[in-house]
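Working through the structure, step by step
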Amino acid sequence: FSPLLAIALIATMLIAVNLRRRVVVLREEARHDPLTGLPNRRGLAAAWDAMPGEKALLLIDLVGFKAVNDAHGHVVGDRLLQQVSGRLVAAVSPHGALARWGGDEFAAIVRADRLEKQRELIAAAQTMPYLLPGPDGVDMHVRIGARFGEGHGKPTLDAAIAMADAGLMAAKGG
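Residues numbered from 1 in each chain as written. Predicted model: local features only at pLDDT ≥ 70, side-chain atom pairs only at ≥ 80, totals over all residues. Heavy atoms only, no water.

1. Some points on the overall build of the chain
- A count of helical and extended segments in the chain gives six helices and six strands.
- Walking the chain from its N terminus toward its C terminus, one meets helices and strands in the order α-α-β-α-α-β-β-α-β-β-β-α.
- The C-alpha radius of gyration computed for the chain amounts to 21 Å, which surpasses the reference 16 Å derived for 174 residues by more than 25%, pointing to a less compact arrangement than a globule.
- Counting across all 174 residues of the chain, residues that qualify as buried make up 35%.
- A separation threshold of at least 6 residues defines the contact pool for the chain, and within that pool the share at least 24 residues apart is 62%.
- In the structure as shown, the chain presents an accessible area of about 9,900 Å², 61% of it carried by carbon and sulfur atoms.
- Each charge sign in the chain was given a centre, from 20 positive and 18 negative side chains, and these centres are 5 Å apart. (Helix = DSSP H or I, 4+ residues; strand = E, 2+ residues; numbered from the N terminus. Rg over C-alpha atoms; globule rule 2.2 N^0.38 Å. Buried < 20%, exposed > 50% of the residue type's maximum accessible area, 1.4 Å probe, protein only. Contact = heavy atoms within 4.5 Å. Areas by Shrake-Rupley, 256 points an atom, 1.4 Å probe, with all protein chains shown as cover. Lys, Arg positive; Asp, Glu negative; His and termini not counted. Charge placed at Lys NZ, Arg CZ, Asp CG, Glu CD.)

2. What about the packing of aromatic side chains?
- Under the defined criterion, the tally for this structure stands at zero aromatic pairs.
- In this structure, Arg41 is placed above the aromatic ring of Trp101, and the distance from its NZ or CZ to the ring centre is 3.9 Å.
- The ring centre of Tyr130 lies 3.6 Å from the NZ or CZ of Arg87, which sits over that ring. (Phe/Tyr/Trp six-rings, centres within 6.5 Å; stacked < 30°, edge-to-face > 60°. Lys NZ or Arg CZ within 6 Å of the ring centre and 35° of its normal.)

Purely geometric numbers; function is a separate question.
Now the structure itself:
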């Protein structure tokens, strides 16, 4: 065994280990929202497939978020989204899965027989004020609401999304 060959083998092994680690990180990043840590749309699909039995999808649109974000800036808006995601996870767990759908929308997969209860828990979580840092260093309380679109009785995630999206558009008045 030559010393150069040994060094080359060790270097190759180190590169392979680092590449494996990077692939794991990239897979995680591909399925999760970096701001909230929640699964994203790809992660939602995996959660849908993993949940046994009849399930339903709730699309949740935050009412009043845009006004907070516009008035107080993206840093405050990001903090609000992080707090919202924490409350929604608590309201949906352990019987469901939550994902960040995009912007100020979230998606919850719940057991179909718990749909009404989950909607009530999520709505209740949104009625409490959020404590956020103000631009002048003084904390402020903010209240936002939620609108829902439901997709239930559908065998596929795509069909549930279409149904929930139509319901959410109707709730928005569009």
